[in-house]
Amino acid sequence: MKTFLMKKEDVKRKWWLVDADGVVLGRMATKIALVLMGKHRPTYTPYVDGGDSVIVINAEKVKITGSKAEQREYDYYTHYPGGHRSKTLAEMFAEKPEKVVEMAVKRMLPKNKLGRYMMLRLKIVRGDKHGQAAQKPEKLAV
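Rules used throughout
- Within any chain, residue numbers begin from 1 and follow the written order of that chain's sequence.
- Restriction of local features to residues with pLDDT of at least 70 applies here, the model being predicted, together with a cutoff of 80 or more for giving and counting side-chain atom pairs; totals for whole chains, interfaces and linings are based on all residues.
- The basis for every side-chain value is the complete set of heavy atoms in the structure, and neither hydrogens nor water enter the calculation.
- The way it works is that DSSP assigns letters per residue, a run of H or I at least four long becomes a helix, a run of E at least two long becomes a strand, and they are numbered from the N terminus.
- Note on exposure labels: buried denotes an accessible area under 20% of the residue type's maximum, exposed denotes more than 50%, and partly exposed covers the range between, all computed with a 1.4 Å probe on protein chains only.
- The criterion used for residue contact is that any of the two residues' heavy atoms lie within 4.5 Å.
- In this description, accessible areas are obtained by the Shrake-Rupley approach with a 1.4 Å probe, and a residue is regarded as covered only by the protein chains that are shown.
- The charge count treats Lys and Arg as positive and Asp and Glu as negative. His and the chain ends do not count.
- Charge coordinates come from a single atom per side chain, which is NZ of Lys, CZ of Arg, CG of Asp or CD of Glu.
- The criterion is simple. A nonpolar core is a set of buried Ala, Val, Leu, Ile, Met, Phe, Trp, Tyr and Cys residues joined through side-chain atoms within 4.5 Å.
- In short, DSSP must find at least two bridges between two strands for them to pair.

1. Description of the overall build of the protein
Move 1: The secondary structure content of the protein amounts to five helices and six strands.
Move 2: With the C-alpha coordinates of the protein rotated into their principal frame, the extents come out at 55 × 35 × 30 Å.
Move 3: When the 142 residues of the protein are sorted by exposure, 39% land in the buried category.
Move 4: Restricting the contact set of the protein to residue pairs at least 6 apart, pairs at least 24 apart contribute 69%.
Move 5: In the structure as shown, the protein presents an accessible area of about 9,200 Å², 54% of it carried by carbon and sulfur atoms.
Move 6: In the protein, which carries 29 positive and 16 negative side-chain charges, the distance between the mean positions of the two groups comes to 6 Å.

Right under this line is the structure:
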């Protein structure tokens, strides 16, 4: 029996809906990353983008455990001389909770073109209203 290797044409995508209300950030991000990569399917092939699309609602209600909110820092550079900046997780979460969820998922995906294409299928919104109702997303238990 030959090993099954999925081709780009064989991919059938589904839409999943994740409610982040009261869910721990890291545990939710791992489940989302698995679905984006397609590892939840028996037809997983590492070099094919065979994952599904994910919509995350209530991003501002995600739970952060321990003292990570004050201790974890995110660095960035403004591209000006002396432009190295850093923010704590609490500061980032107050400004853009969608960005915190996005960064948590992005860092669990492959660091190449394939991972960047997978991130295009992740939609994160504040509140419980999203614009993808026409895709009929199914609930994903996290």
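2. A closer look at the nonpolar core
Move 1: Ranked by size, the top nonpolar core spans 32 residues in total, and within it M28, I32, V56 and L122 carry the most contacts.
Move 2: If you list the elements that add at least two residues to this core, you get β1 (15-19), α1 (25-37), β2 (53-57), α3 (89-95), α4 (97-106), α5 (113-119) and β5 (122-124).
Move 3: With eight residues, the single largest contributor to this core is α1.
Move 4: Once residues within four sequence positions are removed from consideration, M28 is found in contact with V18, A20, V23, V56, V62 and V101.

3. Description of the pairing of strand β4 (residues 84-88)
Move 1: Pairing of strand β3 (residues 73-77) with β4 involves five bridges; the strand directions are antiparallel. Residue pairing across strands places Y77 opposite H84, the latter belonging to β4.
Move 2: Between β3 and β4, which pair antiparallel and follow one another directly, the connecting turn spans six residues, one of which, H79, has a positive phi of 70 degrees.

4. Some details on the side chain of Q132
Move 1: Along the chain, Q132 falls in the loop between β5 and β6 (138-139).
Move 2: In this structure Q132 comes out as buried when scored by relative accessible area, which is 18%.
Move 3: Dropping the residues within four chain positions of it, Q132 is found in contact with W15, I55, K123 and P137.

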